[in-house]
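Reading the structure
So you can see what is in the structure, the chains are spelled out below.
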Amino acid sequence: MLFFQSIQTNLKLQQVITYSLQIEFIMADNIGGENLADNVSELSSFSDSSDEGKRIEEVIPIAEEEADKPAYSDEDLDTLVGFMRNMIFLFDYDSNDFNDEVAEVIKLWLIDVNYPLLFIYYDGHLLAASLTFPKCSFNDLMYFMREPDQLFNVIETFHDDLMFGTLHNDIEGSLLVTLEQVYGPLMLSNTEWSENVKAHVLVAYNTFMTFLTDIHHKLSGFTLLYVPREGSDMDVQEVVLNRTTIKRLEAVVIEWTSQIRSTINDTQHSVPDDLICPSDEYNFWIYRHEVLFAIQSQFKNVNVLHILEILDLAQSLYTKPLRDVLNDLMIEIEIAEANIPFIKLLVDPCFAIRTLDNEDDLCSQLIYVMHIIRFIGEDSSHLRQDECITKLFLYLSNEIVSCCMQSIDVDKILSGSPSYGIEVCNIKINCCESYKIIYEEMIEHFQDVYAWRLDYAVIFNRIDAFMQRLYDMLEICHAMTIFAKKICIGFTTRSVPVEM
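Residues numbered from 1 in each chain as written. Predicted model: local features only at pLDDT ≥ 70, side-chain atom pairs only at ≥ 80, totals over all residues. Heavy atoms only, no water.

The name recorded for the protein in an unreviewed UniProt entry is Dynein heavy chain tail domain-containing protein, from Aedes aegypti.

See the structure below:
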């Protein structure tokens, strides 16, 4: 959307940037200064006031002449429509979807030069065309644009003169590509701006691109660093002599350091109801390793190494914090690589708990899982701390609660099956009680071998809360049995209160 708004303002991108930014920075640099009136006078149609009095020049608006419509023959119009039809590039586009309504809109756009833009897109399953930005939702669209009052040569230069492209529903991604590949090179190569204006523009551009790059790729779960192109085609010695460029690169490096530090400190799980199970913990460490390793890989980029080389030669104070955080990054990657094999040992045994109905088999499986946790606490270099072992037992508790919740049909109980409810609730209560007994016996048995100080309350808070809910459900089932006996009469069922 932002891309097309900028196009509609002026199709010549360089003129848009030059004119708007010159106005902005001329006014910003001179606020409160003596030259403000001079700059404003260049942009206004009013003259300055003299010492004797104010003299206002009358501005007479000049009526704009309406552009003449081009004279295309019917054969020429059909030829141009055919050219544009063959240029349509949309997802799942079929040439058979092209219809007469789209052809008529294209002809109107070719004839009426007052419309600079043409959009072709899918409105649902129907191919549509519009001279204004579509209001319906779309996956992607094709746009065609021209300069004001531009006429097309039917045969010779049509494909060279017509500007076109595609835009998909990823607005941030489209804006990011446009700014990086269109506006960025124009700003760096501009020679009309003063050094002061160009410095302000590039600082604002780098700041916005850093933010946009981060927010766009955060949606995909990754941290991608914005790497400016400034100085990438210059020798290191040449860049070092430019202090304003050094300051801009230092600002980018500061953002890198902040982004990496934020990613390292992000250890939150995205799990519904906060029921983190061993499989969720395993997926978290896999994801964490991928994200951190992706950041480390970005520092093998030639342009990134070039920037660091420039700042090292300039003796910048901001490269040391970056390298410190990169060392922390490498340590976190090593921790993730070490933890993944141990956490994976718990995934399949914990998943097997969900498939067991017999109480004896369930107890045997719980003992097996607890011995795996004991093995992890003994052999793992990063998971042997009391806090980590406590979390593993907590995840096992969550697994048990999740398993029990899935096997209880509350709707069936409340719809009139109290006997089923009593039976299943008693089974789940016995399961939770057995888990607590097995845990206490194991801790007592190995207390001389492992000096663990595990937080009992943290491990069993959710188990105790779940058991209380089961007892509440038992009371409901007993009340249903006593006060709402089901009497079947013919093919219908109705509830009748029991007389006491």
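Now that the structure is up, let's keep going.
1. Regarding the overall build of the protein
Under the convention used in this document: By definition, any uninterrupted DSSP run of H or I lasting at least four residues is a helix, any uninterrupted run of E lasting at least two residues is a strand, and each is numbered from the N terminus. Think of it in three bands: residues with accessible area under 20% of the maximum for their type are buried, residues over 50% are exposed, and the middle band is partly exposed, with areas taken using a 1.4 Å probe on protein chains only. Residues count as neighbours in contact if any of their non-hydrogen atoms are within 4.5 Å of one another. Using a 1.4 Å probe, the Shrake-Rupley method yields the accessible areas, and only the shown protein chains count as cover for residues.
Along the protein, the regular secondary structure elements total 18 helices and six strands. The buried share among the 500 residues of the protein stands at 41%. A fraction of 69% describes how many contacts in the protein between residues 6 or more apart in sequence connect residues 24 or more apart. Of the roughly 29600 Å² of accessible surface on the protein, 53% is carried by carbon and sulfur atoms.

2. Topic: a negative patch on the surface
Spelled out, the test is: Every patch collects residues that have over 30% relative accessible area and no salt bridge, joining them within 9 Å if they carry like charges and within 5 Å if they are nonpolar side chains (Val, Leu, Ile, Met, Phe, Trp, Tyr). A pair is scored as a salt bridge if a Lys or Arg side-chain nitrogen falls within 4 Å of a carboxyl oxygen belonging to Asp or Glu. Positive: Lys, Arg. Negative: Asp, Glu. His and the chain ends are not part of the count. Charged side chains are reduced to one point each, which is NZ for Lys, CZ for Arg, CG for Asp and CD for Glu.
Side chains of Asp 233, Asp 235, Glu 238 and Glu 309 sit close together on the surface and give a patch of like negative charge. Turning to its location among the elements, Asp 233 is positioned in the loop between helix H8 (195-218) and helix H9 (236-240). You can call Asp 233 exposed: its relative accessible area is 69%.

3. Let's talk about the nonpolar core
Using the following cut-off: Nine residue types can take part in a nonpolar core, namely buried Ala, Val, Leu, Ile, Met, Phe, Trp, Tyr and Cys, and a core is a set of them joined through side-chain atoms within 4.5 Å. Where each domain begins and ends follows an automated or database-derived domain assignment.
Ranked by internal contacts, the top residues of the largest apolar core, which has 56 residues, are Phe 393, Leu 396 and Tyr 435. Contributing elements (two or more residues each) for this core: helix H11 (278-298), helix H13 (319-353), helix H14 (359-379), helix H15 (386-406), helix H17 (418-445) and helix H18 (456-483). Here this core takes 10 residues from H17, the largest share from any one element. Formed jointly, this core draws a minimum of three residues from each of two domains, domain 2 (170-341) and domain 3 (356-485).

4. Comments concerning the sheet that holds strand S4 (residues 163-168)
Note the following rule: Between any two strands, pairing holds if DSSP finds at least two bridges. Interaxial angles span 0 to 180 degrees and are taken between N-to-C directions of axes, which are lines fitted to C-alpha atoms, for helices over the stretch in contact.
Spatially, S2-S1-S3-S4 is the arrangement adopted by the four strands of the open sheet, whose pairing is antiparallel. Strand pairing shows two members of the sheet lacking a second neighbour, strand S2 (126-130) and S4, which therefore form its edges. Across the sheet, the mean angle from the axis of one strand to that of its neighbour is 20°, orientation sign disregarded. Pairing geometry for strand S1 (residues 117-123) and S2, over five bridges, is antiparallel. The residue bridging Phe 119 from the neighbouring strand is Ser 130, located in S2.

5. Notes on the pattern of salt bridges
Going through the model one piece at a time under the given rule, you end up with eight salt bridges. One salt bridge connects Asp 78 with Lys 107, and the closest N-O pair in it is separated by 3.4 Å. Here the residue Asp 78 occupies a position in helix H4 (residues 74-87), and Lys 107 occupies one in helix H5 (residues 100-111), the gap between them amounting to 29 residues. Taking the relative accessible area as the measure of exposure, Asp 78 reaches 46% and is therefore partly exposed.

6. Some thoughts on the side chain of Ser 316
Condition: Polar contact is defined as a pair of N or O atoms within 3.5 Å, subject to the rule that within protein one atom must be able to donate a hydrogen and the other to accept it, and that residues adjacent in sequence are counted only when both atoms are side-chain atoms.
Take Ser 316: it is sitting in the loop between helix H12 (302-313) and H13. Residue Ser 316 is classed as buried on the basis of its relative accessible area of 10%. Polar side-chain contacts of Ser 316 include one of 3.2 Å to the backbone nitrogen of Tyr 318.

7. Some points on the side chain of Ser 434
Examined against the element boundaries, Ser 434 turns out to sit in helix H17. Judged by relative accessible area, which is 14%, Ser 434 ranks as buried. The residues touching Ser 434, leaving out its near neighbours within four places in the chain, are Glu 359 and Cys 363.

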